[in-house]
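Topology and contacts: notes
Chain by chain, the residues:
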Amino acid sequence: MDILSQIALVFTAGLGNASIRRLLEVYPDEDIFALPKSELNAAFGTHRAIAENILNKSAFARAEEELRFCESNHIRPLFFTDPGYPSRLNSPETDDCPVLLYCLGSADLNPERSISIVGTRRATSIGRDNTDLLVRELKSYGPHIISGLAYGIDSAAHTAAIEYNLPTVAVLGHGLDRIYPASNRPLAKRILESGGALITEYPSGTAINPRYFPARNRIIAAMSEATVVVEASEKGGALITAAIANSYHREVFALPGRLGDTYSKGTNNLIATNRALLVRGARDIAFQLGWPIEGEQLAFGKPDTEEPLQPNEQRIIDQLKNHDHLSLDELASLTGFSLPKTASILFNLEMANRIHTLPNHTYCLVGR
């Protein structure tokens, strides 16, 4: 099928992303709109209305309009069979991802390395500074930085990527005929001028709708090897992105914050419930993803690793000296502490850069 037919397929009433993927699995080399009625009726069974919508080609008028908009604005429509379409969205676990993306900009959507960075729209100065520091550390590994062009952490991630010459891709929850929030138009322009891209699943004319923004988070999660949550309250879009990333079997990282801080509650809870790995810098991400470790790690908050240990902390350290690694349950059993108390002590030790979380959610001493 040509690109016009592919766009028309997406506009066809009754067809969703998963059903289009399945349809193309059955008819990989055929023009769906050229299939005989009997074939389509057999394919859709009791859903004859969908077959009829394909046969009457009612979606072509809207598709032609959208293709003209793309051509006049230098936008690339990318169907999921196109080599330029993000291949990470074509994995078996991401079949809910859109089969058609609209891309403005020159960024490669299939980079070797990519990291999503998300967080609250109400970012604190610490959150913005930590985002900048993390992206600065990531520079030596060369990943693309993916985010959602929202206020707060998203904007900080895009801005830092531009500052440190990393390609950045903004995933939008609306069509490319507008930018939301409008105050981020200059940032969107900088993304394009720096070799990045703006992408969306939504065609031109799509009105701003709050429900589209959680939906676009699945693209942010799917396009990356890992998602990093910098700041988040107990509820919000960043936690939705983290949950989706987990469901896609992607790594999720979170930056810890002070207990009690509103925008640390979400990240600390992700860590405490083993839904995210604690991250202190780019080396932690590189280690978990199997990237070659380069450079020195700049620990967030610059903790004082020479500060004397508390007696309860020393008991944890003593156990880890005698074992290569131990789980939370094992440490609680060996020390006699309750699970919540053990988790709290482990959190403090990680913040002090004394211990490290391994991929299987066990703990070891730093340097071992």
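Read on for an overview of the structure. Counting from 1, residues in each chain are numbered in the order their sequence is written. The predicted origin of the model limits local features to residues at a pLDDT of at least 70 and limits the giving and counting of side-chain atom pairs to 80 or more, whereas totals for whole chains, interfaces and linings rest on all residues. Derived side-chain values reflect all non-hydrogen atoms in the structure, with water molecules and hydrogen atoms excluded from consideration.

1. Some details on the overall build of the protein chain
In this description a helix means any DSSP run of H or I spanning at least four residues, a strand means any run of E spanning at least two, and both kinds are numbered starting from the N terminus. Tallying secondary structure elements over the protein chain gives 15 helices and 11 strands in all. A principal-axis box enclosing the C-alpha atoms of the protein chain has dimensions of 75 × 45 × 35 Å. Throughout, a contact is declared for two residues whenever any of their heavy atoms are within 4.5 Å. Restricting the contact set of the protein chain to residue pairs at least 6 apart, pairs at least 24 apart contribute 70%. Within the structure as shown, the protein chain displays about 16700 Å² of accessible surface, and the carbon and sulfur contribution to it stands at 50%. If the 35 positive side-chain charges of the protein chain are averaged to one point and the 42 negative ones to another, these points end up 5 Å apart. To be clear on the numbers: accessible area is Shrake-Rupley with a 1.4 Å probe, and residue cover counts the displayed protein chains and nothing else. Charge assignment: positive for Lys and Arg, negative for Asp and Glu; neither His nor the chain ends contribute. Lysine's charge is taken at NZ, arginine's at CZ, aspartate's at CG and glutamate's at CD.

2. Some points on the packing of helix α13 (residues 311–321) against helix α15 (residues 339–351)
Note on geometry: axes are C-alpha line fits, over the in-contact stretch for helices, and angles between N-to-C directions span 0 to 180 degrees. As a packed pair, α13 and α15 sit with axes 10 Å apart at the nearest point and diverge in direction by 85 degrees. Taken together, the axes of α13 and α15 lie roughly perpendicular to each other. Contact residues: Asn312, Glu313, Ile316 and Ile317 in α13; Lys341, Thr342, Ile345, Leu346, Asn348 and Leu349 in α15. Amino acid classes used here: Ala, Val, Leu, Ile, Met, Phe, Trp, Tyr, Cys and Pro are nonpolar; Asp, Glu, Lys and Arg are charged; the rest, including Gly, are polar. Residue classes in the contact of α13 with α15 are distributed as five nonpolar, three polar and two charged. If an angle is under 35 degrees, it is roughly parallel; if it is over 145, roughly antiparallel; if it lies from 65 to 115, roughly perpendicular; otherwise it is oblique.

3. A word on the pattern of salt bridges
Pairing is possible between side chains of opposite charge, provided their charged atoms come close. Think of a salt bridge as a Lys or Arg side-chain nitrogen and an Asp or Glu carboxyl oxygen that are within 4 Å of each other. All told, the structure shown has eight salt bridges when counted by the stated rule. Arg178 is the salt-bridge partner of Asp177, the closest N and O atoms lying 3.1 Å from each other. Summary of the burial criterion: residues with accessible area below 20% of their type's maximum are buried, those above 50% are exposed, and those between are partly exposed, where the area comes from a 1.4 Å probe applied to protein chains only. Residue Asp177 is classed as partly exposed on the basis of its relative accessible area of 34%. Of the residues examined, Arg178 reaches a relative accessible area of 30% and is grouped as partly exposed. A salt bridge links Arg280 to Asp284; the shortest N-O distance between them is 2.9 Å. The pair formed by Arg280 and Asp284 is uniform in burial state, with each residue classed as buried.

4. Some words on the environment of Leu9
Looking at the secondary structure, you find Leu9 in helix α1 (residues 3–11). A relative accessible area of 0% means that Leu9 is categorised as buried. Residues Leu9 and Asn73, 64 residues apart in the sequence, show an inter-C-alpha distance of 22 Å. Residues in contact with Leu9, not counting those within four places in the same chain, are Met1, Leu15, Ile20, Leu24, Ile32, Phe33 and Phe79.

5. Overview of helix α11 (residues 265–272)
Within an α-helix, residues lying three or four positions from one another point in the same direction, as the helix has 3.6 residues per turn. Listed as buried for α11 are Gly266, Thr267, Asn268, Leu270 and Ile271. At the exit of α11 stands Asn274, carrying a positive phi of roughly 60 degrees.

6. With respect to the packing of aromatic side chains
Between rings of Phe, Tyr and Trp, where Trp is taken as its six-membered ring, a pair exists when centres lie within 6.5 Å; planes separated by under 30 degrees are stacked, by over 60 edge-to-face, and by other angles tilted. Scanning all chains against the criterion turns up five aromatic pairs. Seen in terms of ring centroids, Tyr180 and Phe213 are 5.7 Å apart; in terms of plane orientation they differ by 50 degrees. Their pairing is tilted. Of this pair, Tyr180 sits in the loop between β5 (168–171) and α8 (185–193) while Phe213 sits in helix α9 (residues 212–222), placing them 33 residues apart in sequence. The exposure class assigned to Tyr180 is partly exposed, which follows from its relative accessible area of 42%. Overall, Phe213 belongs to the buried group, its relative accessible area being 10%. In our convention, an over-ring charge means Lys NZ or Arg CZ found within 6 Å of a ring centre and within 35 degrees of that ring's normal. Sitting above the plane of the Phe80 ring, Arg21 keeps its charged end 5.0 Å from the centroid. The ring of Phe60 carries the charged tip of Lys57 above its face, separated from the ring centre by 6.0 Å.

7. What to know about unusual backbone geometry
Here Tyr180 and Pro181 are connected by a cis peptide whose omega angle stands at -5 degrees. Even without a glycine there, the phi angle at Lys57 is positive, about 50 degrees. Tracing the backbone shows Lys57 in the loop between α4 (48–55) and α5 (60–72). On the basis of relative accessibility, which here comes to 42%, the residue Lys57 falls in the partly exposed class. Here Asn165, not a glycine, exhibits a phi torsion of approximately 60 degrees, which is positive. By secondary structure assignment, the location of Asn165 is in the loop between α7 (153–163) and β5. Since its relative accessible area comes to 62%, Asn165 is described here as exposed.

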